[in-house]
Amino acid sequence: MATVIFKPTEACNSRCVYCDVVRKKPRAPATMPLETLELFFRRINEYLIEHDRRQMEVLWHGGEPLLLGPDYFRRAAEFQNRRCPATRGRIRHSIQSNLTLFSKDFAAPLKELGIRDIGSSYEPIENLRGGGPGLDSAAYNRKFMEALRLLEEEGFDWGIVYVVTKLSLAQPMKIFHFLTNLSPKGVLRFNPVVLNGERCAELKITPEEYADFLGAIFPHWWRRRNEYPSVEPFRSLTASLLEGSRRLVCNDSGQCATNHINLLADGSLSLCGRAADWGLLDSGTIFEKSFSQVLADPQRDLLMRRNAVLQETECKGCRFWDICHGGCPVDACLTRGSFLHKSQWCLDKKEFIEKYFEPTVRAASVPTREPARRAVASRLPKEGEETDFSAGPVWISPIGGLGDTLMILGVLKQVHDRNPSGRFHLVARTKYRPFFEGHPAIAAIGHPPPGARFISTDYWNHPSFRQPGMRAYQVLARIFGLPTPAEERLYLPWECPDQPLLMKRIPWKDRNVLLCPGSDSPRKRMSIEKWESLAGLLEKDGLGVVQAGRATERCVRGTYSLLGLTSVREMVGLLRRFDVVVTTDNFAMHAAHVWKRPAVVLWGPTDPRVYGYSEQAHLQAQRPCENAWGCIGPAGSADYHADCPKGRERCMDTFDVAAVHRAVRELLGNTDSLSGVNLRS
Amino acid sequence: MNLPIFVCPFDPTLLRRFTGAAVVVRVDRPARVADAVAAAEDSGNALFCVILDSACPLDQIEFGDDLKDTPLAVRAPSLGKFRNLVRHLDRLKRLDLRVHLPCDRAGNITGLRILSSVGLRGCAVIGNGKTDWEALADLMTYAVLEPVPHASIEPFATIAARYDPQACLDWGGVQFEDPSRFLHMDRQGRIALSRRELEESKFIAQDLSELSGQAQHPAVRERLDAGRRMFAENHPCASCAGWKVCLGKFAATAAEDRGCEALFAEMIAAALQRQAAKSCDPEPKPWPP
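Residues numbered from 1 in each chain as written. Chains lettered and ligands numbered in written order. Predicted model: local features only at pLDDT ≥ 70, side-chain atom pairs only at ≥ 80, totals over all residues.

### Structural notes on the overall build of chain B
In plain terms, the rule: Helix and strand labels come from DSSP, where a helix needs a run of H or I of at least four residues and a strand needs a run of E of at least two; each type is numbered from the N terminus. Partly exposed residues are those whose C-beta has more than 12 but fewer than 20 other C-beta atoms within 10 Å; 20 or more makes a residue buried and 12 or fewer makes it exposed, with C-beta atoms placed from the backbone. Each residue is represented by a C-beta atom placed from its backbone, and any two residues with such atoms within 7 Å are regarded as in contact.
Scanning chain B for helices and strands turns up 11 helices and nine strands. Out of the 289 residues belonging to chain B, those deemed buried represent 41%. Restricting to contacts in chain B with at least 6 residues of sequence separation, those with at least 24 account for 53%.

Pasting the structure below:
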């Protein structure tokens, strides 16, 4: 798509302190005459006929385009209808306005041009934006808010560009909340203030400061990105770095020469608004040149050559080339005197990604020209190398299931036994707190400051986890710098007294079996009907059959249900009172190992050689899928929360209930009843 | 205009002055509830619910079995003694009842939790006086995330169910304090935007006739726009993490006490957590099981 940045006026009713437009000597005419406007649509038509598969975006910009008045937009729509009868379906209009002049009179003509979403900008900090020489931001703000109400009444969406200045740096979250509280349906974009020369030196920021500003917001955005989906540059960086998208803004695309044109009120043409502001890449006027001719302007060859030059010089080997391309060439020219340099704002991107993005997001997904996993590995101690606490606290960012957490507790105990003075900080997360509180290796639980050092517990992303036969516990041991093979000892940093109310409530029989069918992964669950068949067989044997798990799990009929009635700590304690536990690869499987209680474990997509314990009876289902590791084994964690696509052929439903029943009976035959131990009274 | 719901005192003469509206009728003792229902029906208005403004604690209110089909909001100063209340529990559970307790009183936050745990719906009346925001946050967590079946507690249940990250949510309606839905009327038929303004005689109209013919009364629109004014004035509430589910309701005290920010920011997190859980798992068992 070709884009025309269309500036039919450079007049503005605001006096934003950092804006160049209002300080320039006005061109003549200040507003594009209607004859030129009509010519503009003729040129668009001409271009779209020459390129019959292309579209053209017209970005109404300024100055303040609403100063043109509603009639101007009405005339534009008329010209479009008249001059582009066959091509108007391929013209997309958008507009950037400060909105303070918006009235209901604009609604119909803007809609006629197909505009449903208006880009705007706002500044909560006083006296940076406003009308008149005194920058009356109070009046400006009132008009802006009134305009938002009108926009919503008229069915327009709107977005906001926020310009980050020195004054913003002290309050990034406050500004973020302010702007998101306005509930823009369009994009909220944070741009750095770009000031060349000595003007407004008190507002200037460095790329590092801009990166820190973004970095203060990013972890919050990342956690809640479904809530704030359209915040830039976070959304596009996430799409580029994690999803492989290559939809880049003009600054980063390396392609602006092929698709961007700037058109001013006097008909003059150039590359973009900033190039025009600084008199760069002048391409003549609309009166003598078609858009195809402008895009073929030989001056633009230099910009295309820039891509090749930078890859061999300043950007050589940069792993972010594909998403940056050296940044804005106009920036480079203004600060370095030539287009054949990278922009100084490259630094902010690199700094932001490396300092904030990667530690927050799973680094494994970041594209890199280095071998994969480098970013992860560089943060971790090497095998056998103790964690270095001398440079400040090391934070554990716990992720994974509750069973994984029991393994981490064991690994940490061993780490602490080797080095009692070294204690970790734990990132506060509701799910994990009850496990770690009281652990001798944990000094504090809280929220890490920017720049904190992390160890992440995502062992499934560790390169060694792909080695055949590598056990999860051993990978965790490596992550925490223990020599491997390490003894696999789970550890509970809390006492487990029996809960009298719970113990009295359960209708104990001589021998009792605990069923734990739940799992966070639907792929690891066996069908409820099979569990009910098993419960029926066990009940016929005269066994007490109890089900435990979360309140949201499905109840297995025929069992005594404790669903939702136990905390995780109570569940661990309770489990030791059963003669046999029947479970899938879940928290209960690990918890049974804590007490060495006999367990029958049903394995489907995961592997007992990786997670299981030797005293347990493991039943492995036949996997119908091709992945030898199992669909959610190493390299398959992305599917963990998704249900199995095999439907009724899913591996977990291939179990023969009679075989499971036999396994329970065998374990019971080897186990003394606990009923005589009087633990349950 | 679309008529809002009128919250008016029990006065058959007042109710007969208009017809075809939805009304909430306020009474001061349970014996009058049935009369209020009858008066609303006789006047040709639709009864939305009856508010019982009780001076005595919940345990001392005598409810008759004849109230079981009447939507009833009880505003009581406290729960009273649980040992007394427990004797009436079966009867209370048969009613279509929600108990509103002011959260400036020690014990009422616990009281709401107790009511919820025994299956009685409650509503925390927040902001009238000193508020223990941390205790409220605990109550909110219980209301929204506790998996053990319990009755709903407002406004948390409404926020958790209706929170949309892309929009702001005004939950004032659960306490009849949302001028786009509820207007308050006195015995003379004068209309105010809120109960407090009614008590302070700050009326927006002297009569119902002053409301007709307008898409939205200017005072109502101005009140609904009050939030945007806080942005224009750069009020601290505008940059609060909990704004979207608070809308500056506690702006008067927010300067000295930012406890409301912690509560509503946590409320948003809890709402998202619950919505995420509901999208993955089946509904928890309803109450009573």
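### Quick look at the pairing of strand β5 (residues 97-102) of chain B
Residues and elements named next belong to chain B. Definition in use: DSSP bridges decide pairing: two strands pair if at least two such bridges lie between them. Clockwise travel from the first strand over the helix to the second, with the strands pointing away from the viewer, marks a crossover as right-handed.
Taking burial as the measure, the six residues of β5 include five buried ones, the bulk of the element. Sheet topology note: the strand β4 (residues 72-75)/β5 ladder contains four bridges and is parallel. Each bridged residue has a counterpart across the sheet, and for Val74 the counterpart in β5 is Val99. Handedness of the crossover joining β4 and β5 through helix α3 (residues 82-94): right-handed. With helix α4 (residues 108-117) bridging β5 and the parallel strand β6 (residues 121-125), this β-α-β connection has right-handed handedness.

### Regarding the packing of helix α22 (residues 568-575) of chain A against helix α23 (residues 587-594) of chain A
Residue and element names in this part refer to chain A. Counted only if it meets this: Only the contacting stretch of a helix is used when fitting its axis, a line to C-alpha atoms as for every element, and angles between N-to-C directions run 0 to 180 degrees. To sort the angles, those under 35 degrees are grouped as roughly parallel, those over 145 as roughly antiparallel, those from 65 to 115 as roughly perpendicular, and the leftovers as oblique. For any pair of crossing helices, the crossing counts as left-handed if the nearer helix is rotated counterclockwise from the farther one by less than a right angle, and right-handed if it is rotated clockwise.
For the pair α22 and α23, interaxial distance at closest approach is 9 Å and the crossing angle is 55 degrees. As the angle between them shows, α22 and α23 are arranged oblique. Crossing hand, α22 versus α23: right-handed. Contacts between α22 and α23 involve Met571, Val572 and Leu575 from the first element and Ala588, Ala591, Ala592 and Val594 from the second.

### Details of unusual backbone geometry
Of the consecutive residues A:Glu232 and A:Pro233, the connecting peptide bond is found in the cis state with omega at 15 degrees. When you line up the elements, A:Pro233 lands in the loop between β7 (231-232) and α7 (234-243). At B:Leu247, a position not held by glycine, the phi torsion is positive, near 60 degrees. Within the fold, B:Leu247 resides in the loop between α9 (226-232) and α10 (251-254). Residue B:Leu247 is classed as buried on the basis of its C-beta count, with 22 C-beta atoms lying within 10 Å.

### Some details on the environment of A:Arg82
Structurally, A:Arg82 can be placed in helix α2 (residues 70-83). On a C-alpha basis, the gap between A:Arg82 and A:Glu38 in space is 9.1 Å, while along the polypeptide they are 44 residues apart.

### Observations regarding the pairing of strand β18 (residues 599-603) of chain A
Consecutive side chains of a regular strand alternate in pointing toward one face of the sheet and then the other. All names here are of chain A. Extensive coverage of β18 is indicated by the burial of five of its five residues. Side chains Ala599, Val601 and Trp603 of β18 all project onto a buried face; the interleaved residues Val600 and Leu602 project onto the opposite face, where all are buried too. Here four bridges tie strand β17 (residues 580-584) to β18, and the two strands are oriented parallel to one another. Of the residues in β18, the one forming a bridge with Val581 is Ala599. Bridge count between β18 and strand β19 (residues 617-620): four bridges; the pairing is parallel. When the bridges of β19 are listed, Leu602 appears paired with Leu619.

### As for the interface of chain A and chain B
Definition in use: In this classification, Asp, Glu, Lys and Arg are treated as charged, Ala, Val, Leu, Ile, Met, Phe, Trp, Tyr, Cys and Pro as nonpolar, and every other residue, Gly included, as polar.
Across the boundary between the two partners, chain A contributes 19 residues, which contact 22 residues of chain B. Only α4 (137-153) and α5 (172-181) of chain A provide two or more residues apiece to the side of chain A that touches chain B. Ranked by the residues each element gives to the side of chain A that touches chain B, the list is headed by α4(A), at five residues. Of the residues belonging to the side of chain A that touches chain B, the class tally is six nonpolar, six polar and seven charged.

### As for the sheet that holds β17(A)
Sheet strands pair by backbone hydrogen bonding; their relative direction is either parallel or antiparallel. An order of β16-β15-β14-β17-β18-β19 (chain A) is seen for the six strands of this open sheet, with the pairing classed as parallel. Looking along the sheet, the strands with just one partner apiece sit at the ends: β16 (560-561) and β19 of chain A.

### Remarks on helix α6 (residues 207-223) of chain A
All names here are of chain A. Quick note on the threshold: A helix is expected to reach a length of 1.5 Å times the quantity of its residues less one.
In this model, α6 (17 residues) spans 24 Å end to end at C-alpha, consistent with the 24 Å of a helix rising 1.5 Å per residue. Residues of α6 that are buried: Tyr210, Ala211, Asp212, Phe213, Leu214, Gly215, Ile217 and Phe218. In this structure, the buried side of α6 is in contact with β5 (157-164), α5, β6 (188-192), α7 and α15 (346-360).

### With respect to the sheet that holds β6(B)
Residues and elements named next belong to chain B. Spatially, the nine strands line up as an open sheet ordered β7-β6-β5-β4-β3-β2-β1-β8-β9, and their pairing is mixed. Every interior strand has two partners, whereas the edge strands, β7 (153-154) and β9 (191-192), have only one. Taken together, the five bridges between strand β1 (residues 5-9) and strand β2 (residues 22-27) define a ladder with parallel strand orientation. The partner of Val7 across the bridge, within β2, is Val24.

### What about the environment of A:Trp595?
All names here are of chain A. When you line up the elements, Trp595 lands in the loop between α23 and β18. With 18 C-beta atoms packed within 10 Å, Trp595 lands in the partly exposed category. Sequence separation between Trp595 and Val572 is 23 residues; the distance between their C-alpha atoms is 8.8 Å. Setting aside residues no more than four positions away along its own chain, Trp595 makes contact with Leu575 and Arg576.

### Examining the confidence of the model for chain B
Residues and elements named next belong to chain B. Note the following rule: Scored from 0 to 100, pLDDT records how confident the predictor is in each individual residue.
Mean pLDDT over chain B: 88, with 94% of residues reaching 70 or higher. Predicted confidence for residues 284-289 stays below pLDDT 50, and this span has 11 contacts to residues more than four positions away or in other chains. Per the prediction output, this complex has pTM 0.66; the corresponding ipTM is 0.87.

### Some words on helix α19 (residues 472-479) of chain A
Residue and element names in this part refer to chain A. Most of α19 is tucked away: eight of the eight residues are buried. Along α19, the residues that are buried comprise Ala472, Tyr473, Gln474, Val475, Leu476, Ala477, Arg478 and Ile479. On the buried face of α19, the contacting elements are α17 (402-418), β13 (453-456) and α24 (608-611).

### Overview of the confidence of the model for chain A
Residues with a pLDDT of 70 or more make up 92% of chain A, whose mean pLDDT is 86. Long-range and interchain partners of residues 672-681 of chain A, a stretch whose pLDDT sits below 50, account for 11 contacts in this model, where long-range means more than four residues apart.

### Considering the nonpolar core
Here is the rule we go by: Residues enter a nonpolar core if they are buried, belong to Ala, Val, Leu, Ile, Met, Phe, Trp, Tyr or Cys, and are joined to the set through C-beta atoms within 7 Å.
Among the nonpolar cores identified, the biggest contains 176 residues, and B:Val50, B:Leu72, B:Ala124 and B:Met267 are the most heavily contacted of them. With residues up to four places along the chain from it excluded, the contact list for B:Ala124 reads B:Leu101, B:Cys103, B:Leu112, B:Leu136, B:Leu139, B:Ile153, B:Glu154 and B:Pro155. In this structure, A:Leu406, A:Leu575, A:Val580 and A:Ala617 belong to the second largest nonpolar core, which totals 71 residues.

### Some points on the packing of helix α21 (residues 528-540) of chain A against helix α25 (residues 657-669) of chain A
Residue and element names in this part refer to chain A. Contact pair α21 / α25: the axes reach a minimum separation of 10 Å and the direction vectors enclose 45 degrees. If you check the angle between α21 and α25, you find them oblique. Judged by the twist between their axes, the crossing of α21 over α25 is right-handed. Contact residues: Lys530, Ser533, Leu534, Leu537 and Leu538 in α21; Val657, Val660, His661 and Val664 in α25. Broken down by class, the residue content of the contact of α21 with α25 amounts to six nonpolar, two polar and one charged.

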